[in-house]
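Read off the chains here:
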Amino acid sequence: MQNYSSQVKLLFTDRGVGIDRDRVCALIGREVDLYMPIQRHTDVAVTILEGHDLTSEGCVADAVITDRVGLLIGVQTADCVPIVAFDPHRGVIAAIHAGWRGTAKGILKSVVAALCTDFSCRAGDILMAVGPSIKSCCYEVGSDVMDAVRQATGAGNYICSEAGRWYVDLARANLHQALSVGLSQANVWISPDCTSCLPDRYYSYRRTKCTGRQGGFIGML
Ligand SMILES: [Zn+2]
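Scoring rules and cut-offs
Residues numbered from 1 in each chain as written. Predicted model: local features only at pLDDT ≥ 70, side-chain atom pairs only at ≥ 80, totals over all residues. Helix = DSSP H or I, 4+ residues; strand = E, 2+ residues; numbered from the N terminus. Rg over C-alpha atoms; globule rule 2.2 N^0.38 Å. Buried ≥ 20, exposed ≤ 12 C-beta atoms within 10 Å, placed from the backbone. Contact = placed C-beta atoms within 7 Å. Pairing = 2+ DSSP bridges. Axes fitted to C-alpha atoms, helices over the stretch in contact; angles between N-to-C directions. Core = buried A, V, L, I, M, F, W, Y, C linked by C-beta atoms within 7 Å. Parallel < 35°, antiparallel > 145°, perpendicular 65-115°, else oblique. Nonpolar A, V, L, I, M, F, W, Y, C, P; charged D, E, K, R; others polar. Expected span 1.5 Å × (residues − 1).

Draft legend 1. A look at the overall build of the protein. In terms of regular secondary structure, the protein is built from six helices and 13 strands. Here the protein has a C-alpha radius of gyration of 17 Å; the compact-globule value for 221 residues is 17 Å, and the two agree. Summarising its shape, the C-alpha atoms of the protein cover approximately 55 × 35 × 30 Å along the three principal directions. The buried share among the 221 residues of the protein stands at 43%. For the protein, restricting intrachain contacts to residue pairs at least 6 apart in sequence, the fraction spanning at least 24 positions comes to 67%.

Have a look at this one:
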């Protein structure tokens, strides 16, 4: 069994780098192929295998899975949750965009299921990192959003209420989903940063209605 840990690079960017390919490559230290899907708040994951034509237009998906060495994959966000995952035993990685819709559709659980089915991963081996996203301090939601997220996630400490208003922490909801399908808490890292609380550092769609995006990237390089 190969050990892939030494060659994996992951990064969550801020406003300074955003999703600019050249700046991302500069951070990594060399030119690499980058694949990002056309995100539409789906629960679709695209798997990039050897021979996949990267020069053709990207497809609509909100997660990317690959076992291809040398390929950087990523998602873009501005409040939604960027997640990257890696199985060091199977040599496969994933990047996931989970907004409230994706979280309500259980996109993370779908990706873990695909990793276990298609790549023989064990959920307990999967390492996961969750990048900066809007937290419950700033993310008030209606009962429809709260219900949809709760339906997919189950009970947990990712929802809080104050003065009749509801606030959701989507990063924590995704942690709950990850644990529910067998990931280990010890294998999950979550950024403490709230994108809305830190407008100088991150793009926040809710705070500024901006069009800029930061990214979450991972590659076996
Ligand atoms: Zn906040």
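Resuming the write-up.
Draft legend 2. Molecular detail of the sheet that holds strand β2 (residues 33-35). Spatial ordering of the open sheet is given by β1-β13-β5-β2, a layout of four strands whose pairing is mixed. Strand pairing shows two members of the sheet lacking a second neighbour, β1 (8-12) and β2, which therefore form its edges. Across this sheet, the average inter-strand angle for adjacent strands is 20°, counted without regard to direction.

Draft legend 3. Region of interest: the pairing of strand β13 (residues 214-220). Most of β13 sits inside the fold, with seven of its seven residues counted as buried. Of the two faces of β13, the one lined by Q214, G216, I218 and M220 and the one lined by G215, F217 and G219 are each fully buried. Bridging between β1 and β13 involves five bridges; their strand directions are antiparallel. Paired with L10 across the strands is I218, a residue of β13.

Draft legend 4. Broad picture of the environment of V84. Looking at the element boundaries, V84 is found in strand β6 (residues 81-87). Overall, the presence of 26 C-beta atoms within 10 Å leaves V84 in the buried class. Each C-alpha atom, one on V84 and one on A186, is 15 Å from the other, the two residues being 102 residues apart in sequence. Residue contacts for V84: discarding those within four places in its chain leaves L10, I93, A94, A95, A129, G216 and I218.

Draft legend 5. Quick peek at the nonpolar core. A63, I83, I93, A94, A95, I96 and V111 are the most contacted members of the largest nonpolar core, which has 50 residues in total. Element by element, the count of residues in this core is highest for strand β7 (residues 92-98), at six residues.

Draft legend 6. Geometry of the pairing of strand β11 (residues 165-168). Direction of pairing for strand β9 (residues 140-141) relative to β11: antiparallel, over a ladder of two bridges. Bridging from a neighbouring strand, V141 pairs with W166 of β11.

Draft legend 7. Broad picture of the packing of helix α4 (residues 143-153) against helix α5 (residues 170-180). Orientation of α4 relative to α5, taken along the N-to-C sense of each, is 20°, at an axis distance of 9 Å. Classified by the angle their axes make, α4 and α5 are roughly parallel. Seen from α4, the contacting residues are V149, A152 and T153; seen from α5, they are A173, H176 and Q177. Counted by class, the contact of α4 with α5 contains three nonpolar, three polar and no charged residues.

Draft legend 8. Focus on helix α3 (residues 107-119). Here α3 contains 13 residues, and its C-alpha end-to-end distance of 17 Å stays within 8% of the 18 Å for a straight helix at 1.5 Å per residue. The set of residues buried in α3 consists of I107, L108, S110, V111, V112 and L115. Check the buried side of α3 and you find it contacts β3 (45-48), β4 (63-66), β6, β7, α2 (100-104) and α5.

Draft legend 9. View of α5. Most of α5 is tucked away: eight of the 11 residues are buried. Among the residues of α5, L170, A171, R172, A173, N174, L175, Q177 and A178 are the ones counted as buried.

Draft legend 10. Summary view of unusual backbone geometry. Non-glycine residue H41 carries a positive phi angle of around 60°. Relative to the elements of secondary structure, H41 occurs in the loop between β2 and β3. The exposure class of H41 is partly exposed, given the 16 C-beta atoms found within 10 Å. Positive phi values are uncommon outside glycine, yet A163 reaches one of about 50°. Note that A163 resides in the loop between β10 (159-162) and β11. Given 4 C-beta atoms within 10 Å, A163 falls into the exposed group.

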